[in-house]
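One letter stands for each residue in the lines below.
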Amino acid sequence: MVAVRATLRRDLVLRMRGRSEVLNPLVFFALVITLFPLGISPDPTLLATIAPGLLWVAALLAALLSLDGVFRGDFEDGSLEQLLLSPQPLAALALSKVAVHWLLTGLPLALMAPLLGIMLSLPAGSYGVLALSLALGSASLSLIGAIGAALTVGLSRGGVLLSLLVLPLYIPVLIFGAGAVQAAIQGGGVAAHLAILGALLAAALIFAPFAIAASLRISING
Amino acid sequence: MWAFIHKLGSPKGFYAISARWLTPLWLAAAALILIGGTWGLAFSPADYQQGDSFRIIYVHVPAAFLAQSIFVAMAAAGFVFMVWKIKLADMAAAMMAPLGAGMTFVALFSGAVWGVPTWGTWWQWDARLTSMLILFFLYIGVIALRGAFASRDGGARAASVLAMVGVINIPIIKYSVEWWYTLHQPATFSITSKPAMPAAMWLPLLLMVLGFYCFFIAVTLMRTRSEILRRESSKRWVRALVEEQR
């Protein structure tokens, strides 16, 4: 537990020092959302109908963009090997790294999404659901994505491959996340969607740390 | 019994034993596909709604069956490889992946061709089509990941992990896509809601499915055997075998 807290603090401090790494996904998110009205149409009614999907897809891509960095820095300076050698369970240490990724990417994206929702004239009443579904969903995205990041961390050009591996696995989260916002707009029940997002997160929390640990071992030793 | 299993697990033993299985498997595959194919394409009655175009089912359904089974088989082989470090399991998994991707493509393509006369469109965001497409991407990911590693062992283990992660996710993806579809639009077209087929239609289909499975096992066996020779090419028994053939 002490080791987990120490890893958590170290990673948080490390990431906060290099601010651009934290800010870049947010800027990317805003930029992608800006592209859609330019590319499709500035018509508010049209934008409002596609806004939930757009916001979710853009946030998902922004989270994906920052995924490669979860283990990359530690791999290059050798501290990942030290984590592997430490007597603490690797799954727990990996989980703390994923938690940092979510705190600095998923959570800010979720908080920023309502702002971009206003720009896409997202109907009122769905902003809270948007932020909540993104906060819940992006935690699963971080967990699933970290498996891919751990598998590709040893490869020099793992970036494109990483998205190829991870994006198919993101589909359920996307469906229920965007579905929750859609349901909130149409006035239907949101609880079911959010409950399934929570269930996906619970399942990912149980299985993903072990898959991440196994993948890290492969990347270091293999 | 245990001695036999041990012999089966070693590349050399497997190579010797599997030689006996190859011919019967090829014969069974050829016979089943030939009989099922001619029966289905030429003799079974035409569908009263779809006419002759329904005969694509005799390629489409077996390919779709195989596409899903091969992924499960690949993940199972990956599990065996990761747990018991049996190299043979990884060789089989490596040989299955391209075949599975090919079968998924055949299922998608034949589905698209079938879609034109029945639905009037090449592509429909139907739940089954969509989950099949995602399965295709998963196959591509496994193949690409294996290829990206410089060391064969690293690639093998990474591909095994990804196949296992994928096989846990396939049911989740399948059901979420089905749910998504029902949320967005009513199920206009469904393969399952077709009236039950008479025996003259489904018997050839059953033969085709069995034939495809035999074909898959035979191809995997053959490719695994040549992979054994390739990976073990520096071993003495392979050299002796080559000398013998010469």
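On a predicted model such as this, the values are computed, not experimentally measured, just so you know.

Asks: Please provide a residue-by-residue account of the overall build of chain A, values included.
Replies: Counting its regular elements, chain A contains 9 helices and 0 strands. Its helices and strands taken in sequence order, chain A reads α-α-α-α-α-α-α-α-α from the N to the C terminus. Along the first, second and third principal axes, the C-alpha atoms of chain A reach 55 × 35 × 30 Å. Taking all 222 residues of chain A together, the buried fraction comes to 54%.

Asks: Quick one: what's the story with the UniProt feature "transmembrane region" (unreviewed entry) in chain B, residue by residue and with numbers?
Replies: Residues and elements named next belong to chain B. Per the UniProt entry, the sites bearing "transmembrane region" (unreviewed entry) are residues 21–43, 63–84, 96–117, 129–149, 161–181 and 201–221 in this numbering. This span, residues 129–149, is 95% helix and 0% strand, and a straight line between its end C-alpha atoms measures 31 Å. Strand forms 0% of residues 201–221 and helix 100%; the C-alpha atoms that close the span are 31 Å apart.

Asks: Please provide a residue-by-residue account of the pattern of salt bridges, values included.
Replies: Two side chains of opposite charge can pair, provided their charged atoms sit close to one another. All names here are of chain A. The final tally for this structure, using the stated rule, is 13 salt bridges over all chains. For R72, the salt bridge goes to D68, with nearest N and O atoms at 3.2 Å. Of the charged contacts, one joins D74 and K97 as a salt bridge, the two residues approaching to 2.3 Å between their closest N and O atoms. You can see D74 sitting in helix 4 (residues 69–76) and its partner K97 sitting in helix 6 (residues 90–119), a full 23 residues away along the chain.

Asks: So what's going on with empty space enclosed by the protein? Which residues, and what values?
Replies: Residue and element names in this part refer to chain A. In this structure the tally under the stated criterion is 2 cavities of 30 Å³ or more. In this structure, the largest cavity spans a volume of roughly 90 Å³. Lining the largest cavity, in full, are R15, E21, V22, S66, V100, H101, L104 and T105. Elements supplying a minimum of two residues to the lining of the largest cavity: helix 2 (19–39) and helix 6.

Asks: Let's hear about the packing of aromatic side chains: which residues, and what values?
Replies: All names here are of chain B. Counted under the stated rule, the structure contains 10 aromatic pairs over all chains. Consider the rings of W123 and W125, whose centres lie 5.6 Å apart with planes at 80°: the pair is edge-to-face. Judged by relative accessible area, which is 28%, W123 ranks as partly exposed. In this structure an aromatic cluster arises from ring pairing among F105, F109, F136 and F137.

Basis of the calculations
Residues numbered from 1 in each chain as written. Chains lettered and ligands numbered in written order. Predicted model: local features only at pLDDT ≥ 70, side-chain atom pairs only at ≥ 80, totals over all residues. Heavy atoms only, no water. Helix = DSSP H or I, 4+ residues; strand = E, 2+ residues; numbered from the N terminus. Buried < 20%, exposed > 50% of the residue type's maximum accessible area, 1.4 Å probe, protein only. UniProt positions renumbered as here; feature names shortened; annotations may be inferred. Salt bridge = Lys/Arg side-chain N within 4 Å of Asp/Glu carboxyl O. 1 Å grid on protein atoms, 1.4 Å probe; cavity = no way out; pocket = protein on both sides within 12 Å on 5 of 7 lines; lining within 4 Å. Points joined across faces, edges and corners; volume = space filled by probe spheres on them. Phe/Tyr/Trp six-rings, centres within 6.5 Å; stacked < 30°, edge-to-face > 60°.

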